[in-house]
Amino acid sequence: MDSEGISPPFFDREKHVVFLQMMNQLLPSDYQVQEINRLTLAYFAISGLHILDALDQLGQFFGFHGSRSSQFPRDDNGALIHNGSHLASTYCALAILKIIGYNFSCINSESILTSMRHLQQSDGSFMPTHVGAEADLRFVFCAAAICSMLENWSGMDKEKAKEYILNCQSYDGGFGLIPGSESHELGCSSGTGGATYCAVASLQLMGFIEDDILSKSSSSSFINVQLLLDWSLQRQATDGGFQGRANKPCDTCYAFWVGGVLRILGAYKFIDEKALRRFLLTCQSRYGGFSKFPGHLPDIYHSYYGFSAFSMLEEPGLIPICVELGIADIAAAIGH
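Reading the values: the criteria
Residues numbered from 1 in each chain as written. Predicted model: local features only at pLDDT ≥ 70, side-chain atom pairs only at ≥ 80, totals over all residues. Heavy atoms only, no water. pLDDT = per-residue confidence, 0-100. Contact = heavy atoms within 4.5 Å. Buried < 20%, exposed > 50% of the residue type's maximum accessible area, 1.4 Å probe, protein only. Helix = DSSP H or I, 4+ residues; strand = E, 2+ residues; numbered from the N terminus. Polar contact = N/O pair within 3.5 Å; in protein donor to acceptor, adjacent residues only side chain to side chain. Core = buried A, V, L, I, M, F, W, Y, C linked by side-chain atoms within 4.5 Å.

## Brief notes about the confidence of the model for the protein
Next, step 1: Here the protein averages 88 in pLDDT, while 86% of its residues score no lower than 70.
Next, step 2: Per-residue pLDDT stays below 50 along residues 61-70; that stretch engages in eleven contacts with residues further than four places along the chain or on separate chains.

The structure is reproduced here in structure tokens:
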């Protein structure tokens, strides 16, 4: 528990900038087990600073290997140890490059897209790596975001991906990570906030969701929009926060995951913004950053989605976020 004092009753931008600077320069020891997710952690820090309009405070960060051979250390026998690609890492890498204004014409995009085509499964889902991994909506989103940022959709079969997404919509209106399943609980078929965001954001990126979808007749939509809208609005609880699924405590990150779904659907105006702001401020640390629950210590994951939620709430001084890509609007617009 964070028992060192109460957070100020306002969004403390300066403290959040210092928090992200610290995370970018020297991560706490608890993050050592996240070594494989280094690009994801860098994405949270760099994109977070951008949303806070403090990218000039970034300084130096993780560099790039000088040659392909230097990327692979040798084992005891002198053979190269190959570090395989991963869809989530690729998404984070491209997002970072977008944020810093890198020229994408210098990227070997065709090799990325060719690799992605082999990761798409016959049911339309995606595996994140070529060997031994699950396939679910998280990686459909990563694939759609990658294609969107590269402005090249040859890396995936959009129609197959759409069908997979539709098969993940639950009886309650939300989406599970795989057809007929809630996240990590194969015996349950209700929707979850993270999976629902991945589904809706993917459909938006692929061009299957119209800007004025709420005004369309239900018969003209391929997803049950009314049921999805009801499910999403019901996730805002009496304390003002958002829960990931029914009968669960509210959590900072769902202010973005579920709030983002409502934003894409054009229904963000229906939430209680004042109540959400109050809840989020109870999760704000006096030292900067956000925690998962009120009174707990902050972490970089929930901090990033707390910043993103405040961006959607149009907090003064923050850069608007492109909800479907998960980066600032001005970064998403580069090249488009």
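Still more ground to cover, so stick around.
## Quick notes on helix H6 (residues 158-167)
Next, step 1: For H6, every residue scored as buried is listed here: Ala161, Lys162, Tyr164, Ile165 and Leu166.
Next, step 2: Buried-residue contacts for H6 involve helix H5 (137-150) and helix H7 (193-205).
Next, step 3: One side-chain oxygen of the residue at the start of H6 lies 3.2 Å from the amide nitrogen of glutamate 159, identifying that residue as aspartate 157.

## What about the nonpolar core?
Next, step 1: Of all hydrophobic cores here, the largest spans 104 residues; its most connected members are Tyr43, Tyr91, Leu137, Phe175, Tyr197 and Leu280.
Next, step 2: Ranked by residues supplied to this core, first place goes to H5 with twelve residues.
Next, step 3: The contacts of leucine 137, once residues within four sequence positions are left out, are Tyr164, Ile165, Cys168, Phe175, Gly176, Leu177, Ala195, Cys198 and Ala199.

## What about unusual backbone geometry?
Next, step 1: Positive phi is not limited to glycine here, since aspartate 53 has a value of about 60°.
Next, step 2: One can find aspartate 53 in the loop between helix H2 (38-51) and helix H3 (87-99).
Next, step 3: Judged by its relative accessible area of 46%, aspartate 53 falls in the partly exposed class.
Next, step 4: For asparagine 247, which is not glycine, the phi torsion reads 65° and is therefore positive.
Next, step 5: Along the polypeptide, asparagine 247 turns up in the loop between helix H8 (225-233) and helix H9 (254-265).

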